[in-house]
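Results of the structural survey
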Amino acid sequence: ISKRDQVADIFINEMKEEPCHYSFVHLIHPDAAGHKYKGAATIFNGKVMYDEAVKQADKYLGDIIDFVENTVPFQGRTLIIASSDHGFADVGNHAKTEDIQNYKIPFYVMGP
């Protein structure tokens, strides 16, 4: 198992041992898949790998949210912000300035 596949567990364990007031967790899976497979719609072994990476990142984010919601010191006191630095086109990469998919980013806020 790579470190990137342990990022949520590492974060949760560190927060249990030594909670902090601010932290940043980088779930790199979608970006890495977009670059490796040359776009967000590329099919490899019968799967859209970008979608698989998004599902994996979603699971890790869910693990972090579950931890926050079920750990007394963090319940009702933790703000989670989920965003992205850029979008990803179906084909190619995120360098095409004329493709809105490259610049349309999610921004979600959860918490008190």
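All residue numbers refer to position in the chain's written sequence, counted from 1. Reporting of local features is limited, given that this is a predicted model, to residues whose pLDDT is at least 70; pairs of side-chain atoms are given and counted only at 80 or more, and all residues count toward the totals for whole chains, interfaces and linings. Based on all heavy atoms of the structure, the side-chain values leave hydrogens and waters out of the count.

Examining helix H1 (residues 7-17)
Inclusion rule: Under the scheme applied here, a residue whose accessible area is under 20% of the maximum for its type counts as buried, over 50% as exposed, and between as partly exposed, the area being computed with a 1.4 Å probe on protein chains only. A run of H or I in DSSP counts as a helix once it spans at least four residues, and a run of E counts as a strand once it spans at least two, with each numbered from the N terminus. The arc refers to the directions leading from the helix axis to the C-beta atoms. Here, residues are in contact when the closest pair of their heavy atoms is within 4.5 Å.
Turning to H1, its buried residues are Val-7, Ala-8, Phe-11, Ile-12 and Met-15. Projected down its long axis, H1 carries its buried residues within an arc of 130°, all on one side. In H1, the exposed positions angled more than 90 degrees off the buried face are occupied by Lys-16 and Glu-17. Contacts from the buried residues of H1 go to helix H3 (49-69).

Side note on the pattern of salt bridges
How we decide: By definition here, a salt bridge exists when the distance from a side-chain nitrogen of Lys or Arg to a carboxyl oxygen of Asp or Glu is within 4 Å.
This model, assessed by the stated rule, comprises two salt bridges. Here Glu-52 makes a salt bridge to Lys-55, at a shortest N to O gap of 3.3 Å. Of this pair, Glu-52 and Lys-55 both sit in helix H3, three residues apart, which is roughly one turn of the helix. Residue classification places Lys-55 among the exposed residues on the basis of a relative accessible area of 53%.

A closer look at the packing of helix H2 (residues 29-36) against H3
Rule in force here: For helices, the fitted axis covers only the stretch in contact; all axes are lines through C-alpha atoms, and the angles between them, taken along N-to-C directions, range from 0 to 180 degrees. Angle categories: roughly parallel below 35 degrees, roughly antiparallel above 145, roughly perpendicular from 65 to 115, and oblique for all the rest. By the convention adopted, Pro, Cys, Tyr, Trp, Phe, Met, Ile, Leu, Val and Ala count as nonpolar, Lys, Arg, Asp and Glu as charged, and the other residues, Gly among them, as polar.
Two elements in contact, H2 and H3, have axes whose closest approach is 8 Å; the angle formed by their N-to-C orientations is 170°. Our classification of the angle between H2 and H3 gives roughly antiparallel. Along its contact with H2, which presents His-29, Pro-30, Ala-33 and Gly-34, the element H3 presents Met-49, Tyr-50, Ala-53, Val-54, Gln-56, Ala-57 and Tyr-60. Among the residues making up the contact of H2 with H3, the classes are represented as eight nonpolar, three polar and no charged.

A few points about the side chain of His-29
The topology assignment puts His-29 in helix H2. Beyond its immediate chain neighbours, meaning those up to four positions away, His-29 contacts Arg-4, Asp-5, Ala-53, Gln-56 and Tyr-60.

The analysis is restricted to geometry; functional conclusions fall outside its scope.
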